[in-house]
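Chain and residue survey
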Amino acid sequence: MAELGLTFAGIHSQDMPVIINTITRPFSMNASELVQEVQGMSGNVWMGNHNSSISFSIDLTIIGDSRTERINNTRIVANWLFQIDNYQEYEMIFDEEPDKSYYGHFVGFSNMTDLMDWGSTTLTFTCSDPFAYKEQVDTNTFTASPVTFSVNSQVPTKPIINVEVNSDITSLALTNSNNDYIFLGNPVDPDQGQSQANKTPLVFMDPMTDSSSWAANTDENYINGTVAGQFEVSAQAFLTTSSDYGSGSAWHGPSLKKFIPGSEQLQDFRMNAVVWFDSLDYKSMGVCRIYLLDANNNSIGYICIKDNDNVNPFAIFQAKAGTESNGHDICYTGQKDQMIKKNETLKKKVRGRWVWYTQPVNIAETNIFNNFYGILSLQRIGNTWTASITKWDSNNMPQWTYSYKWMDSNNQYTGKLSGVAIYNAAYGTAPVMTHNQQAEIRIYQILDGGVPGTTEVPVIASAGDEIMIDCESCNILKNGEEFMDQLLIGSKFFDLAAGTEVIGYAPADKINLALSYRPKFM
């Protein structure tokens, strides 16, 4: 018989000094009745069952060549189970069912039974989600509605719906075979004299995978530093590494610029840039800055994230209207997150005698903008400037957003937007950032303050936009930003039925659809 085993938090039990004797699992999830008592009525009203968590008990033997080694091995096992984030559940994969994953947390263990050089105990794990999951399934892209496809799942499962927009749309509707629906926006009613209006048309989009359409930017009049070195271009981004910054005594690095097609000049606008900016070295310094340019290559504002501290990993988010020397900060902030400390032995004189003592010493400050991957956004409507920063997780899901507003009451910074320049820089000979890159830049023109007229129905998405509807987390994103404000009341983040599912969507001639889901089992 094959040895029993499991993987928890990415570590397999065979990598631990243990032997698993038995794994006790429940027959299925725990169910309890939901009932409502009604005064004056015999019995009660059954309102369905509540499916509760499940628990696994694992009897194991901790081995060793001596009691001392066994006690030490016990600490190794305890470290595996305890030295992890206590606020999340981890993937659990049992060797007897390697194609399925549970998600659970370690609860506790029984007292150790002494078996000379070995010892036995029982571990308990609980999964708040009682279901098991297979690997994610990605469907083909659908171009005609409705679509019928097979869902390889034992029970209904929540999908992620990815919508590619090919033309302006004012609404988006989806429904499943259970007649649940998701509806965004509003349809156009011509009988009411309505027409669609795109108040935020996309006028510039670069995926940052080809630099041939970008020009070298050598104008240092508005750059707080010198231009040197060059960008690397990957399949995902423009980036800079240690050899790309050139040299200099202060800020120095490469710069490129690109203008909006058709020589557009925008009075009101929004610029979004996807940026990755972080470092594994506390002493590193760097800046990722994006300038907004007018038709004459002058800066009308900029947004950046930078680390100008060669001691602490302390990133700063900054946005400015105008230029470095003649401008006004919209924001300049480095919000403290935590202080990293260590114990250090020091000495001091007490009553004329030197004494030694130990105390915690601050060695580094960190903040929320460190290890940043997400969107930097700069917008102007009228004389109001707005800068925002949105951090993504590894799945491009927003973790948080901070926004800052400033009103240019004297109308000093009114130059029209015609293009952008990017500038990645290092400082002197300080270590450089581990990641400093731009992955995408979009510019939207804002018409009429972005407000539709009385008979206008606003366009909610245009060609090139991507809408993601995550029915598991009950969230909607457009191009990586929150998009819940367009959701119609009554919509439901629906399931995919196990077996055969039918999905309908509209307007079918203006969007393509693809779904992802994880097959779900009792």
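Residues numbered from 1 in each chain as written. Predicted model: local features only at pLDDT ≥ 70, side-chain atom pairs only at ≥ 80, totals over all residues. Heavy atoms only, no water.

1. Some words on the sheet that holds strand β40 (residues 481-482)
Basically, it comes down to this: A pair of strands counts as paired when DSSP detects no fewer than two bridges linking them. The secondary structure listing takes helices from DSSP runs of H or I that are at least 4 residues long and strands from runs of E that are at least 2 residues long, numbered from the N terminus.
Pairing is antiparallel across the open sheet formed by 6 strands, whose spatial order is β12-β42-β14-β38-β39-β40. The outermost strands of the open sheet, each flanked by one partner alone, are β12 (137-138) and β40. Bridge count for strand β14 (residues 159-165) against strand β38 (residues 466-470) is 5 bridges, and the pairing is antiparallel. Bridge pairing in β38 places Ile161 opposite Ile469.

2. Observations regarding the packing of aromatic side chains
Note the threshold: In this scheme Phe, Tyr and Trp rings, the latter by its six-membered ring, pair at centre separations within 6.5 Å, and the angle between planes marks the pair as stacked below 30 degrees, edge-to-face above 60, and tilted otherwise. Working rule: Lys NZ or Arg CZ, within 6 Å of ring centre, within 35 degrees of ring normal, means a charge sits over the ring.
Inspection of the entire model under this criterion finds 24 aromatic pairs. Both rings, one in Phe369 and one in Trp400, keep their centres 5.9 Å apart while their planes meet at 65°; by these two values the pair is edge-to-face. Here Phe369, found in the loop between β31 (353-367) and β32 (372-381), pairs with Trp400, found in strand β34 (residues 398-407); they are 31 residues apart in sequence, far enough to count as distant. Among the aromatic residues, ring-to-ring pairing joins Phe8, Trp80, Tyr90, Phe106, Phe109 and Phe125 into one connected group. The residue whose ring lies beneath Arg25 is Phe94, and the NZ or CZ to ring-centre distance is 5.0 Å.

3. Some words on helix α1 (residues 67-82)
To keep it simple, the criterion reads: Given a helix with a known number of residues, its expected span is that number minus one, times 1.5 Å. Note on exposure labels: buried denotes an accessible area under 20% of the residue type's maximum, exposed denotes more than 50%, and partly exposed covers the range between, all computed with a 1.4 Å probe on protein chains only. This arc is built from the directions going out from the helix axis to the C-beta atoms.
Taking 1.5 Å per residue as the helical rise, α1 with its 16 residues ought to reach 22 Å, and the 22 Å between its terminal C-alpha atoms agrees with that figure. Within α1, the full set of buried residues consists of Arg70, Asn73, Val77, Trp80 and Leu81. Take α1 and look down its axis: the buried residues cluster within an arc of 90°, on one side only. For α1, the exposed residues lying more than 90 degrees away from the buried face are Thr68 and Arg75.

4. Structural notes on the pairing of strand β29 (residues 327-333)
Bridge analysis of strand β28 (residues 316-322) against β29 gives 6 bridges, and the strand direction is antiparallel. When the sheet's bridge partners are listed, Ala321 is paired in β29 with His328. Taking the residues that link successive antiparallel strands as the turn, the β28-β29 hairpin has 4 residues.

5. Here we look at unusual backbone geometry
Pro146 follows Ser145 through a cis peptide bond whose omega is 0°. When you line up the elements, Pro146 lands in the loop between β12 and β13 (147-151). Following Ala506, the chain continues into Pro507 via a peptide bond in cis, with omega recorded as 0°. Position of Pro507 among the secondary structure elements: in the loop between β41 (499-506) and β42 (511-517). Within the chain, Met208 stands out as a residue other than glycine whose phi angle is a positive 60°.

6. Topic: the sheet that holds strand β15 (residues 171-175)
What counts, and what does not: To define axes, lines are fitted to C-alpha atoms, for helices over the stretch in contact only, and angles between the resulting N-to-C directions are given on a 0 to 180 degree scale.
With antiparallel pairing, 4 strands are arranged side by side in an open sheet as β13-β41-β15-β16. At either end of the open sheet lies a strand with only one pairing partner, and these are β13 and β16 (181-185). Ignoring which end each strand starts from, the neighbouring axes of this sheet average 20° apart. Pairing geometry for β13 and β41, over 5 bridges, is antiparallel. Within β41, the position partnered with Phe149 by the bridge is Glu501.

7. Some details on empty space enclosed by the protein
Which entries qualify depends on this criterion: The definitions used throughout rest on a 1 Å grid laid over the protein atoms alone, on which a cavity is an enclosed set of points accommodating a 1.4 Å probe that cannot get out and a pocket is an open set flanked by protein within 12 Å on both sides along at least five of seven lines; lining residues are those having an atom within 4 Å of a point. Grid points are joined across faces, edges and corners, and a volume is the space filled by probe spheres set on the points. Classification convention: Asp, Glu, Lys, Arg as charged; Ala, Val, Leu, Ile, Met, Phe, Trp, Tyr, Cys, Pro as nonpolar; all other residues, Gly among them, as polar.
Throughout the structure, instances matching the rule amount to 1 cavity of 30 Å³ or more. Here the largest cavity defines a volume of roughly 40 Å³. Together, Asn198, Thr200, Leu202, Tyr444, Val459, Ile460, Ala461, Ser462, Asp465 and Lys478 line the largest cavity. Across the lining of the largest cavity, the residue classes tally to 5 nonpolar, 3 polar and 2 charged.

8. Examining the side chain of Thr126
To keep things clear, this is the line we draw: Two N or O atoms count as a polar contact when they lie within 3.5 Å, although within protein this holds only if one can serve as hydrogen donor and the other as acceptor, and sequence-adjacent residues are included solely when both atoms are side-chain atoms. Should any heavy atoms of two residues lie within 4.5 Å, those residues are considered in contact.
Relative to the helices and strands, Thr126 is located in strand β10 (residues 118-127). Only 3.0 Å separates the side chain of Thr126 from the side chain of Ser55, close enough to count as a polar contact. What Thr126 contacts, discounting residues up to four positions off in sequence, is Ser53, Ile54, Ser55, Glu89, Gly104, His105 and Val107.

9. Let's talk about a nonpolar patch on the surface
This is how the line gets drawn: Like-charged residues within 9 Å of one another, or nonpolar side chains (Val, Leu, Ile, Met, Phe, Trp, Tyr) within 5 Å, are grouped into patches, provided each residue has over 30% relative accessible area and no salt bridge. Using the Shrake-Rupley algorithm and a 1.4 Å probe, accessible areas are obtained, with residue cover drawn only from the displayed protein chains. By definition here, a salt bridge exists when the distance from a side-chain nitrogen of Lys or Arg to a carboxyl oxygen of Asp or Glu is within 4 Å.
There is a patch of nonpolar side chains on the surface, built from Leu34, Val38, Met41, Val45 and Met47 and spanning about 410 Å² of accessible area. For Val45, the position within the fold is in strand β5 (residues 45-51). The exposure class of Val45 is partly exposed, given its relative accessible area of 35%.

10. With respect to the layout of surface pockets
The method is simple in principle: a probe with the dimensions of a water molecule rolls over the atoms, and the space it marks as empty is what remains. Space inside the largest pocket adds up to approximately 1,400 Å³. If you go around the largest pocket, you meet 39 residues; those closest to its centre are Ile160, Asn395, Met397, Met468 and Asp470. At the level of elements, β14, β25 (269-278), β32, β36 (435-445), β38, β39 (475-478) and β42 are the ones that each hand at least two residues to the lining of the largest pocket. Classifying every residue of the lining of the largest pocket by side-chain character gives 15 nonpolar, 12 polar and 12 charged. Taken as a whole, the second largest pocket spans an internal volume of roughly 670 Å³. Considering the residues around the second largest pocket, the lining is formed by 24 residues, among which Thr200, Arg270, Lys478, Phe483 and Asp485 are closest to the centre. Of all elements in the fold, only β25, β32, β33 (384-392) and β40 reach the threshold of two or more residues within the lining of the second largest pocket. By residue class, the composition of the lining of the second largest pocket is 8 nonpolar, 10 polar and 6 charged.

11. Here we look at the pattern of salt bridges
With the rule as written, the count across this model stands at 14 salt bridges. Across the salt bridge formed by Arg442 and Glu440, the nearest N and O atoms sit 2.9 Å from each other. What emerges from the salt-bridge pattern is a single network uniting Arg25, Glu96, Glu97, Asp99, Lys100 and Lys134.

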